[in-house]
Amino acid sequence: MMENILEIKNLSMQSDIDILKNVNIKIKKAQTLALVGQSGSGKSMLAHAILNLLPRGANFKLQGDILFQDKDILSLKKSELEKLRGKDISMIFQEPMTALNPLHKIKAQIEEIIYTHNLISKSELSQRAVSLLKKVELHKYGNLEKIASSYPHELSGGQRQRVMIAMAIANKPKLLIADEPTTALDLTIQYQILNLLKKLQEEENMSILLITHDLNVVKKYADYIYVINEGEILEHNNNKELFLEPKHAYTKMLLESTLSPNPYIKKDQKTILSIKNLSVNFPIKKGIFKRVVDNFVAVDNISFSLLKGESFGIIGESGSGKSTLAQAILSLQDSKGDIYFLNKNIKDLNKNDLRNMRADMQIVFQDPFNSLNPRMSVYEIISEGLDIHTKLNKAEKEQKVINILKEVSLEKESMNKYPHEFSGGQRQRIAVARALILEPKLLILDEPTSALDRQVQFQLLELLKFLQKKYKLTYIFISHDLEVIQSICNQVAVMKESKFVEINETTSLFTNPQHVYTKELIQASS
């Protein structure tokens, strides 16, 4: 029988509300234990409680025990906690861009975590940092010394997450907490990261607490699963039994949240958007005088057209050019080629005409928390476009905001609240409302569901299908989630290294893929 490395006993947490309710969890040595639940269920708060990393200034009351190797973490002194964090217990956070220091180079950040817990010479410290980067397979992305001397923003999302893993395993922890470690990554990179974690776990004989809302990930990688909702553990079982015979209604609901095809796509013969030979180049500058020595091609000679009422999906890995293409279509990014929207070439429009046209072309971004101004109320955020594109008075604007909030299933009382007062799914509904209030003809959705749990994804996609039917919208839907794309799109393009390598009707593309990369994507998702 395996020994428990961590045992949580009757843990409760209160602030203004009950956050955790009498939670009991056991993690065994070398085990991968998954904690599954929707946004706001208490998953991340539990993870932070294990390391006693709760937000400062908040009045949290904790009751119960968190025993790590028979020591109660909640009763440890500050100095003892500092020795524990990053050494015996370490953590990989959901968003490495916010977890990594933007002002320090990658190598320096890894060296810091090693130096904090070890007496070590400068040369050995440098060697160990580079060795860790190799261990997380960053050498496959190019020169390791160059990567080591890069800043976080110079790396891709997958590369940054590998850096986070290198930091997490630097001191050979006995328990690794992975809080949504692959949520913002595309499919192929997701499984590379998870396979890497599994490999490192076997090498180091460490336990992993995997916090996720992705049941496909849980099914492939977890040994044992706990299901949490509203701070309460509802069910726990081994992987096979939980998926075969879930007991609790909530678990059954999670497992049954499958996405259905979009029945509301009704194309007419009118072409709303036509892209011809679109390219985007970024100059590469070097030297003291920053002379242009080369160009990085982000979008390479893309052509496609959309009929009114269609949903056009774009799939591909991080850095393939998907978001740059979206920005170029909206003229938020300089480009070469032609963009015809409603039979007008956007490139020929003056500044005033372009601004007027943007009312008909709107975008919903991946991360609503960063795209919504935290200092503006929901009313101010949603009505801002009306101030630019209409001459409505205050009462008329207020009524339009109330109406659009109702359309996205939010109460009118939401108007006076601020973004931080909402969940991820609610914030994304606010972003959709902001885009739709101008009654656009084309809506570009750039990874709108990637940061949301499955049930909230399901709700948002059903909302988008309903709105498409009601307003006869045309969608460009960018995602790395193939099930999401299949659910909402009738036509799909596969993008790799700045080019469309395949484009086809959705059913045909998924049942009979032609390009080897498309086959790899579909295989990774199965």
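Here, the structure is the one placed above.
All values derive from a computational prediction rather than experimental measurement.

**Q** When you look at the sheet that holds strand 2 (residues 18-28) in this model, what are you seeing that I'm missing?
**A** Consider a sheet: its strands pair through backbone hydrogen bonds, and that pairing is either parallel or antiparallel. Pairing is antiparallel in the open sheet, where 4 strands are placed in the order 2-1-4-5. One side of each edge strand has no neighbouring strand; the edge strands of this open sheet are strand 2 and strand 5 (71-72). Pairing between strand 1 (residues 4-14) and strand 2: 7 bridges, direction antiparallel. Bridging across to strand 2, Glu7 finds its partner in Lys26. The sheet strands contacting helix 1 (residues 43-50) are strand 1, strand 2 and strand 4 (61-68), and the helix crosses strand 1 at an angle near 115 degrees.

**Q** Please explain unusual backbone geometry as it appears in this structure.
**A** Generally, phi is negative for residues other than glycine and the peptide bonds are trans, each holding for most cases. The backbone of Gln69 shows a phi angle near 50 degrees, a positive value even though the residue is not glycine. Following the sequence through the fold, Gln69 ends up in the loop between strand 4 and strand 5. Look at Ser331: it is not a glycine, yet its phi comes out positive at around 60 degrees. Within the element layout of this structure, Ser331 appears in the loop between helix 12 (322-329) and strand 14 (336-341).

**Q** Help me understand the environment of Met357 in this model?
**A** Mapped onto the secondary structure, Met357 falls in helix 13 (residues 351-357). A relative accessible area of 9% means that Met357 is categorised as buried. Considered as a pair, Met357 and Val36 are 321 residues apart in the sequence and their alpha carbons are 44 Å apart. Look past the residues within four positions of Met357 in its chain and what remains in contact with it is Phe341, Lys344, Ile346 and Leu349.

Parameters at a glance
Residues numbered from 1 in each chain as written. Predicted model: local features only at pLDDT ≥ 70, side-chain atom pairs only at ≥ 80, totals over all residues. Heavy atoms only, no water. Pairing = 2+ DSSP bridges. Helix = DSSP H or I, 4+ residues; strand = E, 2+ residues; numbered from the N terminus. Contact = heavy atoms within 4.5 Å. Axes fitted to C-alpha atoms, helices over the stretch in contact; angles between N-to-C directions. Buried < 20%, exposed > 50% of the residue type's maximum accessible area, 1.4 Å probe, protein only.

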